[in-house]
Amino acid sequence: MSVSAASLSSQRQRVLSLYRQILRLARQWPGRPGVADPATEAAYIRTEAGTLFRQHKSLSDPAVIESHIAEAESRINLALHYNIPYPRMPNLPPGCLATPGQPKRRTARGMDDALPAYMKSYKSGYAPKIK
Amino acid sequence: MLGICRTKASLTLQRLAKLNSFRALSSFTVVPKFALPSSNKHISTLSGISQHAIQRCSQWRCYASASSAGLSQDKITERVMTVIKLFEKISAEKLTIESHFMKELGLDSLDHVELLMAIEDEFGFEIPDQDAEKLNKPSDIIKYLCEKMEDRQYVCM
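A brief look at the structure comes next. The structure presented is a predicted model; accordingly, all values stated were derived computationally and were not measured. (Residues numbered from 1 in each chain as written. Chains lettered and ligands numbered in written order. Predicted model: local features only at pLDDT ≥ 70, side-chain atom pairs only at ≥ 80, totals over all residues. Heavy atoms only, no water.)

Quick notes on the interface of chain A and chain B
The interface is formed by twelve residues belonging to chain A together with 15 residues belonging to chain B. Interface of chain A and chain B: buried area, both sides summed, is about 1300 Å²; carbon and sulfur atoms make up 50% of it. When residues of chain A are sorted by the area they lose upon contact with chain B, Arg20, Arg24 and Arg27 of chain A head the list and together hold 44% of the total. Of the charged contacts, one joins Glu120 of chain B and Arg27 of chain A as a salt bridge, the two residues approaching to 2.8 Å between their closest N and O atoms. Put simply, chain A and chain B have ten residue pairs in polar contact (both at pLDDT 80 or more) between them. Mapped by element, the contributors of at least two residues to the side of chain A that touches chain B are α1 (5-27) and α2 (38-55) of chain A. Per-element tally for the side of chain A that touches chain B: the top contributor is α1 of chain A, with nine residues. Class assignment for the residues of the side of chain A that touches chain B results in four nonpolar, two polar and six charged. (Contact = heavy atoms within 4.5 Å. Buried area = accessible area lost by both parts, 1.4 Å probe. Salt bridge = Lys/Arg side-chain N within 4 Å of Asp/Glu carboxyl O. Polar contact = N/O pair within 3.5 Å; in protein donor to acceptor, adjacent residues only side chain to side chain. Helix = DSSP H or I, 4+ residues; strand = E, 2+ residues; numbered from the N terminus. Nonpolar A, V, L, I, M, F, W, Y, C, P; charged D, E, K, R; others polar.)

Shown next, in the form of structure tokens:
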């Protein structure tokens, strides 16, 4: 599997500029007056971005990196749109992934597949460790 | 060293004076700081002078006083090194002006981004991406900041 150096370094630049964009967002985070304190949410944005970007920093497959870039971009866009930096957690109650043969089964793989793109780093009930 | 700021201010005011026959202004070379607000009032009552030109004069005035307030090369060096020392991922013993962030101080590229954000916060302006990837040592940062300050009519001594 040959990967061109140019694509890796341009991906690297995109990743770093995404990280920079998120940190700039955290600087000017407006918060929701009366509901959410801007300083707390800005701190959350910084720790979340730091944790998630560092978790995946040794990835090498460009397709996987591309899907993580898409995850970051969708989280940025959702945060900007709703003014809420936290991801909307999926609700997968028992039986929601039922098939005719397996009416009650909820497999880990099924739940992972059901996650939206912006939750890619939160697989199988996994929450990133906050440092 | 402050000659650049004052010459430009005086040239603009001379041009303004010629445009509007305000002879009192046309022969000065140095405008004391307290004199400018009152002469602003005279200027603004004359027709044809843009508010923009007056604002630019008072901006030059501000820059002239700010260059004594900590933008010489030594002061910039001091501020940059303080910011870098406060960054918790860098050990202060290994830090020198020429130490490379990634190779000698062991930062990764994400830490580098965070460090440059801290410097942007300190100095109050944004560093674009293409410039940011070249700033790998404290001396690079100091040189870059001096150039940027010169562009904005601060003076680096």
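Further notes follow.
Brief notes about a nonpolar patch on the surface
Residues and elements named next belong to chain A. A surface patch of nonpolar side chains, about 290 Å² in accessible area, is lined by Tyr82, Ile84 and Tyr86. Position of Ile84 among the secondary structure elements: in the loop between α3 (62-82) and α4 (108-113). Here Ile84 falls in the partly exposed class, since its relative accessible area comes to 31%. (Patch = residues over 30% accessible without salt bridge, like charges linked within 9 Å, V, L, I, M, F, W, Y side chains within 5 Å. Areas by Shrake-Rupley, 256 points an atom, 1.4 Å probe, with all protein chains shown as cover. Buried < 20%, exposed > 50% of the residue type's maximum accessible area, 1.4 Å probe, protein only.)

Focus on the side chain of Arg54 of chain A
Relative to the helices and strands, Arg54 of chain A is located in helix α2. Given a relative accessible area of 15%, Arg54 of chain A falls into the buried group. Within polar-contact distance, the side chain of Arg54 of chain A engages the side chain of Asp111 of chain B at 2.5 Å.

Overview of the packing of helix α4 (residues 73-86) of chain B against helix α5 (residues 109-123) of chain B
Residue and element names in this part refer to chain B. In the contact formed by α4 and α5, the axes pass within 10 Å of each other and the chain directions differ by 135°. With respect to α5, the element α4 is oriented oblique. At the point where α4 passes α5, the crossing takes the right-handed sense. In contact with Ile76, Arg79, Val80, Val83 and Ile84 of α4, α5 contributes Leu115, Ala118, Ile119, Glu122 and Phe123. Split by residue class, the contact of α4 with α5 holds eight nonpolar, no polar and two charged. (Axes fitted to C-alpha atoms, helices over the stretch in contact; angles between N-to-C directions. Parallel < 35°, antiparallel > 145°, perpendicular 65-115°, else oblique. Left-handed = near helix turned anticlockwise from the far one by under 90°.)

Keep in mind these values describe shape, not function.
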